[in-house]
Amino acid sequence: MTVPLPPFISFKPSAAKADDKLPPAIIVIQEWWGVNEQIKLHAQTLADLTGAETVIPDLYKGKLGLDAEEASHLMDNLDFKNAVEEITVLCTKELQKDDPDRKIGAIGFCMGGSLALATAALIDKPLAAVAPFYGIPPEALCDC
């Protein structure tokens, strides 16, 4: 089965350079809340501070956890293996489509940290960097 490209939001640095070279990309992976305003702010700040393009894959396809119970339900029902495959497709089919050697990193918070670490462990072409913040992937997904 072919995994489709997930919906995503892209952020450019506020002071983007005028050259034609693609900047590195950083995949910013959501917490259990989904793609909320906080994760968007993190992505824009990271783009501004690093000069990289930041990209948030929407692994919940527009759903948000508005309270802890709902967020827990969304995370518990997320297919982690498929999420890693979607992040991989985002890397190869979108972020590296114009430059297969473009440097890509991943950062994630909580659930996103575990997915960043799992993606780094399972992707065919290694990520340039990964920064997982306190998330550990399920052992069934990968033994990191």
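Anything mentioned here points back to the structure above.
Remember, it's a predicted structure, so these values are computed and weren't measured experimentally.

In this section: the pairing of strand E4 (residues 104–109). Within E4, six of the six residues are buried, which leaves it mostly tucked inside the rest of the structure. Covered by surrounding structure in E4 are Ile104, Ala106 and Gly108 together with Gly105, Ile107 and Phe109, the residues of both alternating faces. The pairing of strand E2 (residues 25–29) with E4 spans five bridges and is parallel. Each residue of the ladder has a partner; that of alanine 25, found in E4, is isoleucine 104. Two strands pair when backbone bridges link them, and E4 and strand E5 (residues 129–133) are joined in this way by five bridges, in the parallel orientation. In the sheet register, alanine 106 faces E5, and the bridge partner there is valine 130. Each parallel crossover has a hand, and for E4 linked through helix H4 (residues 111–122) to E5 it is right-handed.

The next thing to look at is the packing of aromatic side chains. Tallied over the entire structure, the rule returns two aromatic pairs. A centroid spacing of 5.5 Å and a plane angle of 70° characterise the contact between tryptophan 32 and tryptophan 33, whose relative ring orientation is edge-to-face. Classification of tryptophan 32 by relative accessible area gives partly exposed; the value is 22%. Exposure remark for tryptophan 33: the relative accessible area of 26% places this residue in the partly exposed category.

Here we come to the packing of helix H3 (residues 80–95) against H4. The interhelical angle for the contact between H3 and H4, taken along N-to-C directions, is 65°, at an axis separation of 9 Å. It follows that H3 is roughly perpendicular to H4 by the angle criterion. Crossing of H3 against H4: the hand is right-handed. Contact with H3, carried on its side by Phe80, Ala83, Val84, Ile87 and Thr88, involves Met111, Ser114, Leu115, Ala118, Thr119 and Leu122 of H4 and no other residues of that element. Its residues assigned to classes, the contact of H3 with H4 shows eight nonpolar, three polar and no charged.

Turning our eyes to something else, we now look at unusual backbone geometry. Note: most residues except glycine have negative phi, and most peptide bonds are trans. One non-glycine residue with positive phi stands out, namely lysine 61, at about 55°. Considering the arrangement of structural elements, one finds lysine 61 in the loop between strand E3 (53–57) and helix H2 (68–76). A relative accessible area of 43% means that lysine 61 is categorised as partly exposed. The phi dihedral of cysteine 110 falls on the positive side, at around 55°, and the residue is not glycine.

The topology assignment puts serine 72 in helix H2. The exposure class of serine 72 is partly exposed, given its relative accessible area of 23%. Separated by 39 residues in the primary sequence, serine 72 and tryptophan 33 place their C-alpha atoms 8.2 Å from one another.

All right, on to the pattern of salt bridges then. For the structure on display, the rule yields seven salt bridges. A salt bridge links glutamate 37 to lysine 40, with the shortest nitrogen-to-oxygen separation between them at 3.3 Å. Of this pair, glutamate 37 and lysine 40 are both found in helix H1 (residues 37–50), three residues apart, which corresponds to roughly one turn of the helix. Given a relative accessible area of 25%, lysine 40 falls into the partly exposed group. For the salt bridge of lysine 125 with aspartate 101, the shortest nitrogen-to-oxygen distance reads 3.8 Å. Placement of the pair is lysine 125 in the loop between H4 and E5 and aspartate 101 in the loop between H3 and E4, with a sequence separation of 24 residues. Beyond isolated ion pairs, a larger network of salt bridges with shared partners links Lys12, Glu53 and Arg102.

Rules used throughout
Residues numbered from 1 in each chain as written. Predicted model: local features only at pLDDT ≥ 70, side-chain atom pairs only at ≥ 80, totals over all residues. Heavy atoms only, no water. Buried < 20%, exposed > 50% of the residue type's maximum accessible area, 1.4 Å probe, protein only. Helix = DSSP H or I, 4+ residues; strand = E, 2+ residues; numbered from the N terminus. Pairing = 2+ DSSP bridges. Right-handed = clockwise from strand over helix to strand, strands pointing away. Phe/Tyr/Trp six-rings, centres within 6.5 Å; stacked < 30°, edge-to-face > 60°. Axes fitted to C-alpha atoms, helices over the stretch in contact; angles between N-to-C directions. Parallel < 35°, antiparallel > 145°, perpendicular 65-115°, else oblique. Left-handed = near helix turned anticlockwise from the far one by under 90°. Contact = heavy atoms within 4.5 Å. Nonpolar A, V, L, I, M, F, W, Y, C, P; charged D, E, K, R; others polar. Salt bridge = Lys/Arg side-chain N within 4 Å of Asp/Glu carboxyl O.

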